[in-house]
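# Remarks on the overall topology
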There are 2 protein chains.
Amino acid sequence: MNSLQIRLDKKKLERAAYVLKSVAHPIRISIIDLLEQRDRLSVTELQEALHIEQSLLSHHLTNMRDKGVLDTKREGKNVYYSLTDTTISHIIECINGCRKF
Amino acid sequence: MNSLQIRLDKKKLERAAYVLKSVAHPIRISIIDLLEQRDRLSVTELQEALHIEQSLLSHHLTNMRDKGVLDTKREGKNVYYSLTDTTISHIIECINGCRKF
DNA sequence: AGTATGCATGAATATATGTTCATGTAATCA
DNA sequence: TGATTACATGAACATATATTCATGCATACT
């Protein structure tokens, strides 16, 4: 009978929770879904697809950016957002592919 | 130029966010991690591994159970919890495997 | 320089979530 | 049946998160 213990250290746990939180919201899942379809999207493009207030969208985008989920790049008047890596996409696919949900 | 739209319907979005929320917390990630190591664990066993108050653990367990993440079965004085399916494990592995985190 | 467009930010508010504490209940044992 | 063990629950409180509104800033256009 080997001892039972948590395999993840505190920092990794908190980091994981932190990132997962930034995904666990309908609007933010939608944003990820849209960014899987197009490599990058401007705030206006996202806004048109999501039908939400500009300010609310901007807050969510900043949130995701701060947590390392999204990258951002300004080009002229527009700011383009993109997924920083595919881990997040996998998570959404995971859930989407699961019949339970 | 085909039109951009969210591929997930509102219900699925909300369900996904709901379940992800139940994972996005250090204590709950730990619980999942422990349940990957042993098929099922009693509340006491979890408590010993986690070093948290019984009541707090119980609240988290009920939360995860209500959201369909955990199954439960009473046997005598003990109540055993187990993961309902592997999707959640995949998500944690996904994050754990990612160097970024 | 003045105006319009695209986006960010901060404060205020609303709502949700986490934690503690006290207590309740179910099963077992003496 | 009374005591103990194992767990759940609810109310109160603390903290975090989401949303709105007003405003600010940057770029581009006239």
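Heads up: these notes are all about the structure in this document. (Residues numbered from 1 in each chain as written. Chains lettered and ligands numbered in written order. Predicted model: local features only at pLDDT ≥ 70, side-chain atom pairs only at ≥ 80, totals over all residues.)

### Observations concerning the overall build of chain A
- What chain A contains, in helices and strands, is five helices and three strands.
- Counting from the amino terminus, chain A carries its helices and strands in the arrangement α-α-β-α-α-β-β-α.
- A compact globule built from 101 residues would reach a C-alpha radius of gyration of about 13 Å, whereas chain A, at 16 Å, exceeds it by more than 25%.
- In terms of principal-axis extent, the alpha carbons of chain A reach across some 60 × 30 × 20 Å.
- Buried residues in chain A amount to 25% of all 101 residues.
- Across chain A, every contact between residues at least 6 apart in sequence was considered, and the portion connecting residues at least 24 apart equals 50%. (Helix = DSSP H or I, 4+ residues; strand = E, 2+ residues; numbered from the N terminus. Rg over C-alpha atoms; globule rule 2.2 N^0.38 Å. Buried ≥ 20, exposed ≤ 12 C-beta atoms within 10 Å, placed from the backbone. Contact = placed C-beta atoms within 7 Å.)

### Brief notes about the pairing of strand β2 (residues 70–75) of chain A
- With six bridges connecting them, β2(A) and strand β3 (residues 78–83) of chain A associate as antiparallel partners. Within β3(A), the position partnered with A:K73 by the bridge is A:Y80. (Pairing = 2+ DSSP bridges.)

### Structural notes on unusual backbone geometry
- In this structure, A:H51 takes a positive phi of about 55° despite not being glycine.
- Structurally, the position occupied by A:H51 is in the loop between α3 (43–50) and α4 (54–66).

### Section: the protein's contact with DNA strand C
- Neighbouring residues of DNA strand C: 23 residues in total, closest A:S42, A:V43, A:T44, B:S55 and B:G76.
- Counting only elements with at least two residues in the surface near DNA strand C, the list comes to α3, α4 and β3 of chain A together with α4 (54–66) of chain B.
- Split by residue class, the surface near DNA strand C holds five nonpolar, 14 polar and four charged. (Near = placed C-beta within 6 Å. Nonpolar A, V, L, I, M, F, W, Y, C, P; charged D, E, K, R; others polar.)

### Some points on the packing of helix α2 (residues 26–37) of chain B against helix α5 (residues 87–97) of chain B
All names here are of chain B.
- In contact at an axis separation of 10 Å, α2 and α5 are set at 110° when each is read in the N-to-C sense. Relative to α5, α2 is oriented roughly perpendicular. Each of I29, I32, D33 and E36 in α2 lies in contact with α5, whose residues at this interface are I88, S89 and I92.
- Residues that form the contact of α2 with α5 fall into these classes: four nonpolar, one polar and two charged. (Axes fitted to C-alpha atoms, helices over the stretch in contact; angles between N-to-C directions. Parallel < 35°, antiparallel > 145°, perpendicular 65-115°, else oblique.)

### Overview of the relation of the copies chain B and chain A
- At an RMSD of 0.0 Å, chain B and chain A line up after a rotation of 180° and a shift of 0.0 Å along the axis. Between the two chains, the operation in question is that of a two-fold axis. For chain B, the smallest separation between a C-alpha atom and the rotation axis is recorded for B:I91, amounting to 2.9 Å.
- Counting the interface residues of chain B, we find that 97% of their copies in chain A are interface residues as well, pointing to one common contact surface. (Least-squares fit on C-alpha atoms with pLDDT ≥ 70 in both.)

### Considering the interface of chain B and chain A
- Contact residues are listed per partner, giving 37 residues for chain B and 36 residues for chain A.
- Elements with a minimum of two residues in the side of chain B that touches chain A: α1 (10–21), α2, α3 (43–50) and α5 of chain B.

### A short note on α1(B)
Residue and element names in this part refer to chain B.
- Its 12 residues give α1 an end-to-end C-alpha distance of 16 Å, which sits within 8% of 16 Å, the value for a rise of 1.5 Å per residue.
- Residues of α1 that are buried include every one of L13, A16, A17, V19 and L20, and no others. The buried side chains of α1 occupy one side of the element, clustering within an arc of 165° when seen end-on. Summarising the geometry of α1, the exposed residues directed more than 90 degrees from the buried face are K10 and K11. (Expected span 1.5 Å × (residues − 1). Arc of directions from axis to C-beta.)

### Observations concerning the nonpolar core
- With 40 residues, the main nonpolar core has A:A16, A:L20, A:V23, B:A16, B:L20 and B:V23 as its most contacted residues.
- When residues of this core are traced back to their parent elements, those giving at least two are α1 (10–21), α2 (26–37), α4 and α5 (87–97) of chain A together with α1, α2, α4 and α5 of chain B. (Core = buried A, V, L, I, M, F, W, Y, C linked by C-beta atoms within 7 Å.)

### So, the protein's contact with DNA strand D
- Surrounding DNA strand D, one finds 23 residues, the nearest of these being A:G76, B:S42, B:V43, B:T44 and B:S55.
- Mapped onto the surface near DNA strand D, the elements with two or more residues apiece are α4 of chain A together with α3, α4 and β3 (78–83) of chain B.
- Per-element accounting of the surface near DNA strand D gives the leading share, six residues, to α4(B).

### Re the sheet that holds strand β2 (residues 70–75) of chain B
Residue and element names in this part refer to chain B.
- Pairing is antiparallel in the open sheet, where three strands are placed in the order β1-β3-β2. The open sheet has two edge strands, β1 (41–42) and β2, and neither has a second partner.
- Across the sheet, α2 is in contact with β1 and β3; its angle to β3 comes to roughly 90°.

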